[in-house]
Every structure is written in structure tokens, then in C-alpha cells.
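# A structural walkthrough
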Amino acid sequence: MKVITKVGCGVPRGLVGPAATATLSPVTWSAPDPPRLHVRTHAIDDPGSLLDLLPPKDSYAWLRHGDGLVGWGEVVRHKPASIAEAAEWWADLVAQVEVTAELADPPAGAGLMAYGCFLFDPANSAGRSSLIVPQTIVGRRNGQVWMTEIGPVASVGMETVASTPAQRPRNVTFADGGLSGPEWKAAVAEAVRRIGQGQLEKVVLARDLLAFSENDIDLRELAARLTADYAQCWTYSVDGLVGATPEMLVKREAGLTTSRVLAGTIRRSGDDDHDLSLAAVLARSSKDLEEHEYAVRSVARALAPFCSDMNVPDVPYVLQLPNVLHLATDITAVADTGVASLAL
């Protein structure tokens, strides 16, 4: 699940390097009422790889094509019961923020922000979703690089946190997750049976797999490999959830809402010429086009109550990734006044 919350808070002069970074002294709240925070943002020299700045613990990332936002430390964490409750809590937090800004033209993402992950299951989401405001954020976008420091209004003093090289997992072994191999095959067969009987039109199934390493998993190393192998995807690392996705659930910036919908997939062959023919097959596949249309209609229907002037292309395009080809549609719309990304 992907949500970017961008707050245009405006946005002190410090140095950032790959070996050491400055953070506010750790302060964490668990009370339901958000604290009053001070946000200071200033321009910095380009540090190179943003992931190299991160310490091994309490670090967060959202990156694409080398740009994006990395953060570390934890000023405040909220565990919402729902996304609607998270949106209300976030609005209360933003309303109390004091901002010191030294950027004349701050890009989106410069200022107060939170990393979040949400479980889309009403029966099990309470206490398992989270919104985390880091102590320090370093961002890079459109040639601008900045640092944001966040802490309680009364906080003073800085401390240095040294980053260490990320370690690869050693001697990884795998095991079944929620379903064994035969149980997974049975679930797929049942889905096919129900589609054949007209009970369902489309089914999306996923199977988890457990991986075990003899050393602690360093999420920075996983994120670094994902950014290198899938540069055009959005790579994220939030509260133990790490991955890379070419799909954007929702993005709101300057009043414009966009959503990239993916459905319909074919594996690449490794031969560029053959992949061109595979792309043509995918673009004409009635089965994949029908699946794609289900997903596009679902997103357009969900956005409609919050947006106007929606543009839904009639035909998808083929998105090429290193390992697969996807049918993709980019939906755009004008967000209603006052509607934030969490509401969307």
C-alpha cells in the first residue's frame, strides 16, 4: 500500500555526509493527542546516495530514480484504527507545527512529513497500521537537496548518529508461510472454479514465503538492491515493510491527483526483440485487457467522490520493467479543495 502525505510547510545550514548525520535527541509520544512540533528545513550539499545516510535502525525511505526522501529517528508514532482516523490525527498535528524555513521555493516533501503503512483489513487493522514522524529527513528532488529536523518545540541540542555499512543476509533459507504448496494450488483451483461458475469475475491471489537469515536482516541492504535493480519503481522502507513497486495507489500534489493502475502481466524473456512481440501480445490480450479494466474502474470509482475533471485513458500502455511487462493506466483528476492524500 502506498500513500504519500505531502505538507507544504516551507522548509537550518548543516552538513550531511555518508558517515555521520545530525539528529534531534530522541523523543517519542504514545499519547493520543499529537505534540506541538518545531520543523526546521534548509538546503544542503548533495550527499550522493541517500540510502548511505541511514543508520541501521529506525530508518525510512521513499525513493525513485535516486531521488526522494530518507529519514531516521522517531519523534512521534501513531497507530491508527483506520485511515480516516489517521487523517484526522495528522490534520491535528499539522495545525500545531512551528516552521522555520530557509528554502525560497520548497519542493513537495520539504517540511513536516510522516512515513506510513496501512493494513487494508477492517477486521485486523487496529494497532497494526502506523504513521511515523522521523527526527531527521533528507530529500532530493529536481536538483534541490534539503534537510528537515523535527522535534518538540522545547527541544534543544543535537547529537551525532553514525551510519554503518549495510550487511547482506547470510545463508538464507526459505519455508512456507500461511499456505503450503498443495494448499496454494487448491486455493488457485477454487478461484478458477468459482470464476467458471460465474460467481466471480476477477480474483487476486498472493502467497507469502518466509525467509530466514543467520544474521539480522538489514533493510537498508534490501532497499539498496531494489533501487539498483528497479530504478523506475518506488522503493520504500517503513516500519519493517520494505519493497519496490511500479504502482502508485494515490499521489496528490498541487491539487492534482494521480493514480497508476497495473493489471495484466507477462514475464520478460531476456531477449529484447522477443520482448517487443510479448508486449504486443499483452496489449491485444482480451483476458489481460478485461482484468485491467476491472482495476481501472475500481480506482476511478473510488476517486470520484473526492475529485473532478477525471481523465481515464481508454487504452492502457505497456510498462516495461526488468523482469515483467505490465498493462498500465495513469488516471489523473483535480482533487477537491481540502482533500488530502490520506482521504483519497
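Refer to the structure presented above.
Computed from a prediction, not measured in an experiment: that's the story for all the values here.

## Some points on the overall build of the protein chain
Scanning the protein chain for helices and strands turns up five helices and 20 strands. Within the span of the protein chain, comprising 344 residues, buried residues form 40% of the whole. Accessible surface computed for the protein chain: about 17,700 Å², of which carbon and sulfur atoms make up 53%.

## What to know about helix α2 (residues 181-196)
Relative to the 22 Å expected for 16 residues at 1.5 Å per residue, α2 spans 23 Å between its end C-alpha atoms, a close match to the ideal helical length. Following α2 by one or two positions, Gly198 has its phi on the positive side, about 80°.

## A closer look at the packing of aromatic side chains
For the structure shown, the criterion picks out one aromatic pair. Here the guanidinium or amino end of Arg64 rests over the ring plane of Trp234, the centre of that ring lying 4.4 Å away.

## Quick look at the sheet that holds strand β8 (residues 130-133)
Strand order in the open sheet formed by three strands is β5-β8-β7, and the pairing between neighbours is antiparallel. Of all the strands in the sheet, just β5 (76-78) and β7 (115-117) have a single pairing partner and so form its edges. Sheet twist, expressed as the mean angle between neighbouring strand axes with direction ignored, is 10°. As paired strands, β5 and β8 are joined by three bridges and run antiparallel to one another. Across the sheet, the residue bridging to Arg77 is Ile132, located in β8. Those strands touched by helix α1 (residues 83-95) are β5 and β8, and its axis lies near 20° from that of β8.

## Quick look at the pattern of salt bridges
One pass over the full model with this rule turns up 20 salt bridges. Across the salt bridge formed by Arg141 and Glu253, the nearest N and O atoms sit 3.0 Å from each other. Placement of Arg141 in strand β9 (residues 136-141) and of Glu253 in strand β16 (residues 248-253) is noted, with a sequence separation of 112 residues between them. With a relative accessible area of 21%, Arg141 lands in the partly exposed category. Exposure remark for Glu253: the relative accessible area of 25% places this residue in the partly exposed category. The partner of Arg168 in a salt bridge is Glu221, and the shortest N-O contact between them spans 3.6 Å. Highlighted residues: Arg168 in the loop between β11 (158-162) and β12 (173-176) and Glu221 in helix α3 (residues 219-229), separated in sequence by 53 residues. Judged by relative accessible area, Glu221 falls into the buried class, the value being 7%. Taken together, the salt bridges that share partners define one network made up of Asp46, Asp67 and Arg140.

## Notes on the sheet that holds strand β3 (residues 59-64)
Strand order across the open sheet formed by eight strands is β6-β2-β10-β9-β4-β3-β14-β15, with mixed pairing between neighbours. Because the sheet does not close on itself, it has two edges, and the strands there are β6 (98-101) and β15 (241-245). Direction aside, neighbouring strands of the sheet carry axes that sit 10° apart on average. Pairing between strand β2 (residues 37-43) and strand β10 (residues 144-152): seven bridges, direction antiparallel.

About the thresholds
- Residues numbered from 1 in each chain as written.
- Predicted model: local features only at pLDDT ≥ 70, side-chain atom pairs only at ≥ 80, totals over all residues.
- Heavy atoms only, no water.
- Helix = DSSP H or I, 4+ residues; strand = E, 2+ residues; numbered from the N terminus.
- Buried < 20%, exposed > 50% of the residue type's maximum accessible area, 1.4 Å probe, protein only.
- Areas by Shrake-Rupley, 256 points an atom, 1.4 Å probe, with all protein chains shown as cover.
- Expected span 1.5 Å × (residues − 1).
- Phe/Tyr/Trp six-rings, centres within 6.5 Å; stacked < 30°, edge-to-face > 60°.
- Lys NZ or Arg CZ within 6 Å of the ring centre and 35° of its normal.
- Pairing = 2+ DSSP bridges.
- Axes fitted to C-alpha atoms, helices over the stretch in contact; angles between N-to-C directions.
- Contact = heavy atoms within 4.5 Å.
- Salt bridge = Lys/Arg side-chain N within 4 Å of Asp/Glu carboxyl O.

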